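Results of the structural survey
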Amino acid sequence: MFESVVVYVSYGEICVVDDDAPTLKAVGRLLSSANWETKTFSDPQEFLRYSNAQRPLLAVIDVCMPAMNGLEVQSRLREISPKTRVIIFTGKESELDRVAAFRAGAVAFFNKPFDNREFLSAVDAALRT
């Protein structure tokens, strides 16, 4: 059986925000392995300060973080960088969070653990729009 091969093209910087160090490292490596420039943040406030100055193309944000939840980060990001696309991911499946994320403009929503190919395809699609 042949496995399809997907080629990803680099479009610019992707920021990943998650307070869980192993997940942050894994998602950062996954995106880097697909040749995307990636910057990781364990602190949502630091990410928002960075975004205010740099305006990343895409932010991948975890929902459950102690200092500020990902939906709040998404809302604040929209105010300072409205063109930054957002993908939300979470370890706690919640239809309310999913609906809120999409209503606030998220382009995709993933439950952890997620399929790497589906995730990379969503990233690619987000960067192409």
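Everything discussed here concerns the structure shown above.
Predicted model only: the values in this text are computed from it and were never measured. (Residues numbered from 1 in each chain as written. Predicted model: local features only at pLDDT ≥ 70, side-chain atom pairs only at ≥ 80, totals over all residues. Heavy atoms only, no water.)

**Side note on the packing of helix H2 (residues 44-54) against helix H3 (residues 70-80)**
Packing of H2 against H3 brings their axes to within 10 Å, and their N-to-C directions diverge by 15 degrees. Taken together, the axes of H2 and H3 are roughly parallel relative to one another. Judged by the twist between their axes, the crossing of H2 over H3 is right-handed. For the pair formed by H2 and H3, the contact residues are Pro44, Gln45, Phe47, Leu48, Ser51 and Asn52 on the first element and Val73, Arg76, Leu77 and Ile80 on the second. Residue composition of the contact of H2 with H3, by class: six nonpolar, three polar and one charged. (Axes fitted to C-alpha atoms, helices over the stretch in contact; angles between N-to-C directions. Helix = DSSP H or I, 4+ residues; strand = E, 2+ residues; numbered from the N terminus. Parallel < 35°, antiparallel > 145°, perpendicular 65-115°, else oblique. Left-handed = near helix turned anticlockwise from the far one by under 90°. Contact = heavy atoms within 4.5 Å. Nonpolar A, V, L, I, M, F, W, Y, C, P; charged D, E, K, R; others polar.)

**Here we look at the sheet that holds strand E4 (residues 85-90)**
On the basis of which strands lie adjacent, the open sheet formed by five strands has the order E2-E1-E3-E4-E5 and parallel pairing. In this open sheet, the two strands that pair with only one neighbour each are strand E2 (37-41) and strand E5 (108-111). The average angle at which neighbouring strand axes cross in this sheet is 20 degrees, direction not considered. The pairing of strand E3 (residues 58-62) with E4 spans five bridges and is classified as parallel. Directly across from Ala59, in E4, lies its bridge partner Val86. Against the sheet, H3 contacts E3 and E4, and its axis sits at roughly 155 degrees relative to E3. Its contacts with the sheet put helix H4 (residues 95-103) on E4 and E5, and the angle it makes with E5 is roughly 155 degrees. (Pairing = 2+ DSSP bridges.)

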